[in-house]
2 protein chains.
Amino acid sequence: MSHAPVVDVLKGQYEISTTVTVKGWVRTRRDSKAGLSFIALHDGSCFDPVQVIALNNLDNYADVQRLTAGCAVTATGTVKASEGKGQALEIEATAIEVNGWVENPDTYPMAAKRHSIEYLREHAHLRPRTNVIGAVARVRNCLSQAIHRFFHERGYFWISTPILTASDTEGAGEMFRVSTLDMMNLPRDDKGNVDYSEDFFGKETYLTVSGQLNVETYACALSKVYTFGPTFRAENSNTSRHLAEFWMIEPEVAFADLSDIAQLAEDMLKYVCKAVLEELPDDMAFFAQRINKDAISRLEQLVDSEFVRMDYTDAIEILQNCGKTFEFPVEWGVDLSSEHERYLAEEHVGAPIIMQNYPKDIKAFYMRINDDNKTVAAMDVLAPGIGEIIGGSQREERLDVFDRRLAEMGLSQEDYSWYRDLRRYGTVPHSGFGLGFERLVAYVTGMQNVRDVIPFPRTPGNAQY
Amino acid sequence: MSHAPVVDVLKGQYEISTTVTVKGWVRTRRDSKAGLSFIALHDGSCFDPVQVIALNNLDNYADVQRLTAGCAVTATGTVKASEGKGQALEIEATAIEVNGWVENPDTYPMAAKRHSIEYLREHAHLRPRTNVIGAVARVRNCLSQAIHRFFHERGYFWISTPILTASDTEGAGEMFRVSTLDMMNLPRDDKGNVDYSEDFFGKETYLTVSGQLNVETYACALSKVYTFGPTFRAENSNTSRHLAEFWMIEPEVAFADLSDIAQLAEDMLKYVCKAVLEELPDDMAFFAQRINKDAISRLEQLVDSEFVRMDYTDAIEILQNCGKTFEFPVEWGVDLSSEHERYLAEEHVGAPIIMQNYPKDIKAFYMRINDDNKTVAAMDVLAPGIGEIIGGSQREERLDVFDRRLAEMGLSQEDYSWYRDLRRYGTVPHSGFGLGFERLVAYVTGMQNVRDVIPFPRTPGNAQY
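Residues numbered from 1 in each chain as written. Chains lettered and ligands numbered in written order. Predicted model: local features only at pLDDT ≥ 70, side-chain atom pairs only at ≥ 80, totals over all residues. Heavy atoms only, no water.

As named in an unreviewed UniProt entry, chain A is Asparagine--tRNA ligase, taken from Alteromonas arenosi. Turning to chain A, the UniProt annotation filed under Sequence similarities (unreviewed entry) states: "Belongs to the class-II aminoacyl-tRNA synthetase family." According to its UniProt record, chain A has this under Subunit (unreviewed entry): "Homodimer." (UniProt positions renumbered as here; feature names shortened; annotations may be inferred.)

(A) Quick look at the interface of chain B and chain A. With 119 residues of chain B in contact, the opposing surface of chain A contributes 119 residues. When the two sides are added together, the surface that chain B and chain A hide from each other amounts to roughly 9400 Å², 64% of it contributed by carbon and sulfur. Contact with chain A buries area across many residues of chain B, yet Met183, Phe255 and Tyr425 of chain B alone supply 9% of it, more than any other trio. The interface formed by chain B and chain A contains two salt bridges. With its nearest N and O atoms 2.9 Å apart, the salt bridge here joins Arg424 of chain A to Glu103 of chain B. Joining chain B to chain A, the criterion identifies 36 residue pairs in polar contact (both at pLDDT 80 or more). Among the elements that take part in the side of chain B that touches chain A, helix 4 (residues 131-153) of chain B stands out by supplying 11 residues, more than any other. Among the residues forming the side of chain B that touches chain A, the class breakdown is 62 nonpolar, 38 polar and 19 charged. (Contact = heavy atoms within 4.5 Å. Buried area = accessible area lost by both parts, 1.4 Å probe. Salt bridge = Lys/Arg side-chain N within 4 Å of Asp/Glu carboxyl O. Polar contact = N/O pair within 3.5 Å; in protein donor to acceptor, adjacent residues only side chain to side chain. Helix = DSSP H or I, 4+ residues; strand = E, 2+ residues; numbered from the N terminus. Nonpolar A, V, L, I, M, F, W, Y, C, P; charged D, E, K, R; others polar.)

(B) Main features of the packing of helix 11 (residues 399-408) of chain A against helix 12 (residues 417-424) of chain A. Residues and elements named next belong to chain A. Orientation of helix 11 relative to helix 12, taken along the N-to-C sense of each, is 155°, at an axis distance of 9 Å. In terms of orientation, helix 11 and helix 12 fall into the roughly antiparallel class. Facing Leu399, Phe402, Asp403 and Leu406 of helix 11, the residues of helix 12 in contact are Tyr419, Arg420, Arg423 and Arg424. Grouping the constituent residues of the contact of helix 11 with helix 12 by class yields four nonpolar, no polar and four charged. (Axes fitted to C-alpha atoms, helices over the stretch in contact; angles between N-to-C directions. Parallel < 35°, antiparallel > 145°, perpendicular 65-115°, else oblique.)

(C) Expanded view of the pattern of salt bridges. On inspection of all chains with the given rule, the structure shows 50 salt bridges over all chains. Two residues, Asp452 of chain B and Arg121 of chain B, come together in a salt bridge whose shortest N-O distance is 2.8 Å. Within this pair, whereas Asp452 of chain B is found in the segment after helix 13 (437-445), its partner Arg121 of chain B is found in helix 3 (residues 117-121), the two being separated by 331 residues in sequence. You can call Asp452 of chain B buried: its relative accessible area is 3%. Several salt bridges share partner residues, and in doing so they unite Glu103 of chain A together with Asp421 and Arg424 of chain B into one network. (Buried < 20%, exposed > 50% of the residue type's maximum accessible area, 1.4 Å probe, protein only.)

(D) Structural detail: the packing of aromatic side chains. According to the stated counting rule, one finds 56 aromatic pairs over all chains in the structure shown. Ring centres 5.6 Å apart and planes at 75° place the aromatic pair Trp418 of chain A and Tyr465 of chain B in the edge-to-face group. Here Tyr465 of chain B lies in the segment after helix 13 and Trp418 of chain A lies in helix 12, a pairing that spans two chains. Each member of the pair, Trp418 of chain A as well as Tyr465 of chain B, carries the same accessibility label: buried. (Phe/Tyr/Trp six-rings, centres within 6.5 Å; stacked < 30°, edge-to-face > 60°.)

(E) Local environment of the relation of the copies chain B and chain A. Mapping chain B onto chain A calls for a screw motion: a turn of 180° about the axis and a shift of 0.0 Å along it, with 0.0 Å RMSD after fitting. Expressed as an axis order, the relation between the two copies is that of a two-fold axis. The rotation axis passes nearest to the C-alpha of Val178 of chain B in chain B, at a distance of 2.3 Å. Both copies contact each other with a shared surface, as 100% of the interface residues of chain B are interface residues in chain A too. (Least-squares fit on C-alpha atoms with pLDDT ≥ 70 in both.)

And the structure:
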């Protein structure tokens, strides 16, 4: 492919007066009375289109005058300093080839006008052609690359934990069943129950809700690992923060305690936000202008701030004494809700908070019991403007304590036999956290709904495309 | 965390006579009559363990003498030049803390001896502690990082295509059904069929077999994109090359034809193989010594070779005239089987082959029809030692030709309405390919079975952990 990405042309990688070919889609066309047309040509390589000037001496100038938004075009021409506003460089075309017309421009779903975000969601296959969803896609990619880079530079190994699992024991949420049984003719066992021994995996099988338990097996061998993959919740939640299918990042670190993992979370968030600010200033300027005026400033603040460590017990006291009335009353032992988290991060501290040492009764069975026997070594990162964005913990590595906790919660040792093996054979302190990738992308872009930061969102009643 | 990764110690990042702390697991312990013990301490950060020397003046030397394979240890000591063979540097311990013992060393499943690869597969939660599976994990990580880097450097965006899909129309293979319906009490419609309108997504829903059709929507907006995610086949194939759950990389490029994408495949394979050779020489030396003696040399050959372009039609002629008898007879129109592919790549050419322009009747509906109307612009990359490793094509971008092909194959336009939209609105030539990640890892490491290059393999009858 010998054509030039628009980003390279706009960055001045082709000298003035040289000939380049660009390929992309028309955003807008404007005809001048002087007998020439201005085409804004976009190829997705960056936020801005390049301006292509078509003079009426082109053989197919009549075609050029029929170009509408969405038409695919190959334009060859000379790089020039632009006299117009808004761009430094433009291309004066010597040839324009139309690769693909738009069938009936009047009904083209992505015609050049402002569409509502809900309308775009209904056209998920065409919405990446818009400014907003294109910018989201570039930020999403930038964040994912930065995450891989962050961990790779620090000696972490990416581990792919299984999507399909016969463990239904994690209790992290409702699960989707995966099966190849003939639904019209289900095999039955002698008690009349569905006989999953005849199913593909010989057992009842589900989609994973988290890779954590699996990836602990690799942390207890390779020391520093992380997952980055899809996870699933079959919860009937129609909110702006929930998806049935979403991507998670889960680092897990041997010989790390709660404060190590809190520092890792802080370092990672700063690293990836900095990457977006540095690499995609034009996309971020668009989000600040159109979506959330604080989009850039709050990222800059996050990068420059010291995350404040706060104990859950202290937070409860602050909330009880702050003089505010909350919808959900506060007392020691309750799970903090979004209004509490946002008050603390936005009003009380004005910076991201790492909240630590939650009551054990509101946290998962695998978290390490503190010496007070009331709290566990858990932490959440609460960011101004969004609330909880990361949840993590030190894991219970002491077999006797772990077994007592299983018994307390009515869980069986047998169901966790392989997980217990990690505590039987060379157990080590270890810790990790989980970051919901779509919540991160929503936070960074300022987009209100996670459905708009994943290409094809899956929610109750919707698995289209 | 202030301790040192073993890889940093062995690379000499700590000067001789400085004090370091390392944390990891005992591989072996050897006691000398002179009153000291040699501990090979491994933390997974690289292939080799570091040698820790424990003198009998340590307070807990009696504990040291009880250390067995798999025990977790924190060792602090002085970096020294090693007098022994096999390592340049070692640590003379001033303190050794035992973090975790091995319960009953005699029955520890990963005791220090040679285990069969099948035995390790039965202990997937502990096998990353072995040399071979640890090395596989590091190569797998190195390849995935190199793939992301390769595409990122070239301006590609990572796009996450959906795992759950209501499209059952791709025909790429048997699919898993995903459901939250109560299997003991299935809702029925008035014809007595299962009423999927009451299921979570309101429709019958499956696990994806490929992200290609979805990612084409992003290629037709952002030009250069790729997927890297899990895909699924509900095929009852118990072979060394098949998994029910595996990871795929699928780049998709607007304005690219078949030869562009063939070049991309060649460049990518060379790039990622080079990364492994450069970054993990110790792991690769182990594979060459223990798993496949050609492990390194065949990667070096691949990196240095020119991939040979060959037409399917020419390949058939070569196979027919080569004087060899194949299990599956060769004539124009048949799909090449592994014996044919390997003969061509290993014996006839002695280098990777990019085979092009296959008969349309053995290829998918979305591939671009060539002018001969008999073949399609498809390509496979065949590598010596493994056969097909990549499959790709130019996509049919002409709406009228695409619609004729749908009709020929008895597929309905309605089922492909959103895919057809890409051809109705600013259609462009575009191409892409798919690479099965586990086959790549198997190829690079020389491992015989894809079940040993993914942490928790899913195959018929097996979704444990």
